[in-house]
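For reference, the chains in residue letters:
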Amino acid sequence: MNIKRVLAIAVFQLTFLVSQAEVVWFDGLHPITYQIPKKVEPVVKTALDMWMGDMQQVTGMRPMASANGIIKVTPNPSLPHDGFRIQVNRGRILIEGGNGRGMAYGLLELSRLAGVSPWIWWGDVVPEKRSRLVLNDDFRTEQQPSVAYRGIFLNDEDWSLRPWSHKTYEPSGKSQIGPRTYRRIFELMLRLRANTIWPGMHPGTTAFFKIPGAKAMADSCGIVIGTSHCEPLLRNNVDEWQVAERGAFNYRTNRQQVHQYWIERLQEVRKSKDNMFTIGMRGIHDSSMEGYQTEQEKFDALQQVIDNQQALLRQHVGDPAKLMQVFVPYKEVLQLYEKGLRVPDYVTLMWCDDNYGYMTRLSNAREQQRPGGAGVYYHLSYWGRPHDYLWLTTTQPGLIYNEMREAYQHNVRKLWIANVHDPKVAAYDLELFLDLAWNINCVEGHTLTNHLAAWLCRQFGQEAGKRLLPVMQAFYRLCGERRPEFMGYIQVELDKQKYPRGLSPVGAAPLSPIEAAQRLSAFLHLKAEITAIRPLVRCELGDAFFAAIEYPVFAAAAMNTKILSDSIESHRAYEEIQALTRHYNEMNGGKWRYLMDAAPRRLPVFENVHAQLTGTDQPCIMKRDAADYQSATDGVRIIQMLGHSMHAVAMPKDGQLTYEIEIAAEDDYTLQTALIPTQPNDNGDLRFSVTIDNEQPVVYSLKEPFRSERWKQNVLSGQAVRDTKVHLHQGHHTMTLRALDAHIVFDQLRIF
C-alpha cells in the first residue's frame, strides 16, 4: 500500500479517536444548551442564572434551554446532602445533586471547569474568552462536604463592608448592609460552596431581619441564617433590643420581656426553612450576662436560660431535637460550660479560637459522640486586646490548615464559621478555610504551597501565578513574624485613666537597626518582584491583581517602613499608604469606593508616626528551623507556611525530633526554643521537653492564662519562646525535643 495512503488513514483514525474521546459543550459557533427540571429549588435557579452569566462572559453567548441540551441538570436523592456528581454520559454532561444546593454547586463547578474564578465579581477576576469547551468522555467528579454547615460571620464591618454597601453599592440613608449587598455575598458563598451566614451585627448596622427582602435573598441562595455567640434565637440585640421600650436585658429582673422578645422572632421564622438557632445568653453586646455577680449565679442563670429556650422552641417552632441549634462556649461562657452546664446532646457545641487563630478547646472523647456534633468559630480578623487586625487579612495559611485539620480529627464536623470583616479583603484565607470545610483532604500540610500556587495561577494565569508563589510565601512569613497592624508594638483596651481611649502610643520597637534593615529589605524585594510580574498579568486583571497582591504587599511594606524608619522616610511611607488606599477605592470606576480603610478604629499605629529602635543584636551561633531535623518519630507532620520558619513541625503526644549540632568553642550558652503559640485544646497542659546529649530533660509548659501579658506577646509575635541555660563543650551535640502533650508545634531553635 502507498505510504502516503497509510499515513492518511492513520491520521484519520487518530483524529476519529480523539474526537470520540471528547464531548464538546461549546463549539465556538452555537450557544451552550442545557436541560433542567421545571420544578427545582430556588437555589438552583439562582445558580443557573449565575452560570449562564459566566458562560456569556466566557463564550460571548448566553446558554439556551433545550430538551436535548448537552448539559443536563437533575436531582439524585441518593447522593449526600449538598453533594454533587458531574459525569459524561452518552455524549452529554450530566450534573446530579443530592439536593438543591448540590445541583447548584455542580452547575458552578462547571463554571470553574470553564476557567471562571469564584472571585469573578468580588475580585474583578475577568475570565478568559474561550472558543471551545470540552470534557473527556471519561470525565467524572463526585464531591461532598466534609463539614455539614460552612460559612462566614460578617463582623467589625464598620470600616469596610457597611460603608461600601450603603454609600456606594446601594446608597441608603440607613447605615446598613443592604439586600443587594447580601445577594452578592450569598452568590460568592455559593461559588465557595458555603451555606451558612451569621449576618453583620455591629453597633450601627441594621439587623438582618429588619432589612426588607434580606431573608428572601438568603432563601433564594440556599443560605442558612444563624447568629453569633451573643445573639440568642436569631435576634440582633445591639439593634433590636430597645432598653427604653423593653427595660434592661436582664434575665433576673426582666425575664418576661426577654421571653417575649425571643418569641417574636421565633413566630416570624417558624414557617421558613434554613434557620440556625444560637442558644444561651450574654449581655447586649458581647459582655457577661447582666444581673448576676458570682460564677455560681451565672451558671444557674445560664442553665435556666437554656432549659427555657428549649421550651420556647418547642412551643413556637417545633421539636427542638430536630432543629439546628448551636451553643458557643466563648470567653467566660467556656468556664461555665466546664463547670457542668447541661446542654442537650442534639445541640451543636461550637468551639472557638483565642481570637488570633489558635483553637482553645476541641471535643473530648465523650463530646465527640454527641448527636449534635461540634463546630468551629475561627477569626480571620479581630477587634480587641491585645491589638486589632481589621485592615489586611494576613493569617498564615499553615495556621488555618493545622488548626482546622486538628478540629476535624476531633470530630468537629458540623459547623465551621470564619469571622471576616470583609470577604474581598480576606479572599485567599477565606477560600482556603472553606475549601478545607468542603474537602478536608484537598491539601496536606506538606503540600499546602500547591494550594496557594493553584489559587494564584487560577486568578492571574500560569506564568504570573508561578512567579508570585515565592513572593506571597515571603509575605506570609513576614506577616507571621509581625502583622502590619501590630508593627507599632502597642496595645488596646488598656487603663483609660492612663492612656487616652485606652490606647498606648507608638514609641519603642524592640528591633535592632540590623533587624529592621533586614525586614525592610525583604519587603523592598517583594515590591520589586511584584512590579516585574505585573506585566505578565492580562490587562483586564489589573484591578484584581492590585486588590489581592499589590495593595496588601505594598501597604504592609509601607507600614513597616513608616514605623521602622526615620521621620522623612516614615512620612513618605504614610503618604504611600494613603495613595494606595485611594487607588483601591477608585478601582473599576469607583466600584469599591469606601471598601478599604487604612486606619480601622483610628488606632495610633495607623497615624503618621514612627518608633524608636531599642533592640540590640545578640550573637546567634546557630539557628535551625524545626523541619531541619536529623530524625523524627512517627506522626510528625511538617506544615508549610506556618511559623517564622514557614515549615513548622506539628507533633503528636510523645513525638520526638532530634538535631545534631556542632559547637566551635566551649562556653555558657542560651538555647532558645521557639514554638507556635497554640492552646491546650484538650483542657489539659501544653508541655514539651528539651534534652541535650544525655543530660536530664528540661520540661516547659506553653500554657498561658488567657490575656496574660506573656500570652499577648506570643500572639503578637507568632511565637512562644523558652530559654534554657546550657554549658556546651566544643564539638558534637545531640538535641532532642519531645512533645509531652498534644497540640505542640515546633518552629525554630537558636543558640546565643
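Numbering of residues begins from 1 in every chain and follows the order in which that chain's sequence is written. Where totals are concerned, whole chains, interfaces and linings use all residues; where local detail is concerned, this predicted model gives features only for residues with pLDDT of at least 70, and gives and counts side-chain atom pairs only at 80 or more. To get the side-chain values, all heavy atoms of the structure are used, and hydrogens and water are removed first.

A. Representation of the overall build of the protein chain. Numbering of helices and strands starts at the N terminus; helices are DSSP runs of H or I of at least 4 residues and strands are runs of E of at least 2. On a plain count of helices and strands, the protein chain comes out with 19 helices and 29 strands. Radius of gyration here uses only the C-alpha atoms, and the compact-globule reference equals 2.2 Å multiplied by the residue count raised to the power 0.38. Since a compact globule built from 752 residues should have a radius of gyration of about 27 Å, the 28 Å found for the protein chain is in line with a globular shape. Think of it in three bands: with a 1.4 Å probe and only protein chains considered, a residue is buried below 20% of the maximum accessible area for its type, exposed above 50%, and partly exposed in between. The buried share of the protein chain, reckoned over its 752 residues, is 60%. Put simply, of all contacts in the protein chain between residues at least 6 apart along the chain, 75% involve residues at least 24 apart. Shrake-Rupley sampling with a 1.4 Å probe provides the accessible areas, and residues are treated as covered by the protein chains on show and by no other component. Summed over its atoms, the accessible surface of the protein chain is roughly 29,800 Å², and 50% of this surface lies on carbon and sulfur atoms. His is not counted here, nor are the chain ends, while Lys and Arg score as positive and Asp and Glu score as negative. Charge placement uses NZ in Lys and CZ in Arg. For Asp and Glu, CG and CD serve respectively. Considering the protein chain, the positive charge centre built from 83 side chains and the negative charge centre built from 83 side chains are found 8 Å apart. Two residues qualify as a contact provided that any one of their heavy atoms is within 4.5 Å of a heavy atom in the partner residue.

B. A look at the sheet that holds strand β14 (residues 348–352). Two strands qualify as a pair provided DSSP detects at least 2 bridges between them. With parallel pairing, the eight strands of this open sheet are ordered in space as β11-β10-β9-β16-β15-β14-β13-β12. Two strands in the sheet have a free side with no partner beyond their single neighbour: β11 (224–225) and β12 (277–279). Examined bridge by bridge, strand β13 (residues 325–327) and β14 share two bridges and lie parallel to one another. Paired with V326 across the strands is T348, a residue of β14. Orientation is described by axes fitted as lines to C-alpha atoms, over the contacting stretch for helices, and by angles from 0 to 180 degrees between their N-to-C directions. Sitting on the sheet, helix α5 (residues 179–191) is in contact with β9 (149–154) and β10 (196–198), with an inclination near 140 degrees to β10.

C. Structural view of helix α18 (residues 567–590). What a helix should span is 1.5 Å times the count of its residues minus one. In this model α18 runs 33 Å from its N-terminal to its C-terminal C-alpha over 24 residues, within 8% of the 34 Å that 1.5 Å per residue would give. The angle between axes fitted to the seven residues ending at a residue and the seven residues starting there is what we call the bend at that residue. Its axis deflected by about 25 degrees at Y584, α18 carries its strongest bend there. Turning to α18, its buried residues number three or more, namely S570, A573, I577, L580, T581, Y584, N585, M587 and G590. Buried residues belonging to α18 abut α4 (161–169) and α17 (542–564).

D. The arrangement of the confidence of the model for the protein chain in detail. pLDDT is a per-residue confidence score from the predictor, ranging from 0 to 100. Here the protein chain averages 95 in pLDDT, while 97% of its residues score no lower than 70. Note on residues 6–19: pLDDT is under 50 here. Beyond four places in sequence and across chains, it has two contacts.

E. Representation of the environment of E187 in the model. Relative to the elements of secondary structure, E187 occurs in helix α5. Along the primary structure E187 and Y669 are separated by 482 residues, whereas in three dimensions their C-alpha atoms are 58 Å apart.

F. Structural view of the pairing of strand β28 (residues 731–739). Sheet topology places strand β23 (residues 656–663) next to β28; eight bridges connect them, and they run antiparallel. The partner of Y659 across the bridge, within β28, is M735. One ladder, built from five bridges, connects strand β25 (residues 687–692) with β28; its direction is antiparallel. Paired with S689 across the strands is R738, a residue of β28.

G. Just the sheet that holds strand β5 (residues 84–89), in detail. Read from one edge to the other, the open sheet built from six strands follows the order β3-β2-β4-β6-β5-β8, with strand pairing classed as mixed. Each edge of the open sheet is held by one strand with a lone partner, namely β3 (64–65) and β8 (140–143). Taken together, the two bridges between strand β2 (residues 33–35) and β3 define a ladder with parallel strand orientation. Its bridge partner lying in β3, T33 is registered against M64.

H. Up close: the pattern of salt bridges. Salt bridge, as used here, is a side-chain nitrogen of Lys or Arg placed within 4 Å of a carboxyl oxygen of Asp or Glu. A full pass over the atoms with the stated rule returns 45 salt bridges. Of the charged contacts in the structure, one is a salt bridge between R85 and E96, with a shortest N-O distance of 3.1 Å. Here R85, found in strand β5, pairs with E96, found in strand β6 (residues 92–97); they are eleven residues apart in sequence, far enough to count as distant. Judged on exposure class, the residue R85 and its partner E96 are both buried.

I. Helix α14 (residues 448–460), seen in detail. Across its 13 residues, α14 extends 19 Å between first and last C-alpha, which sits within 8% of the 18 Å expected from 1.5 Å per residue. Burial analysis of α14 places ten of its 13 residues in the buried class, which makes it a mostly covered element. L448, T449, H451, L452, A453, W455, L456, C457, Q459 and F460 are the residues of α14 that are buried. Where α14 is buried, its residues meet α12 (397–409), α13 (427–438), α15 (462–481), α17 and β21 (637–640). Just downstream of α14 lies G461, where phi reads positive at about 95 degrees.

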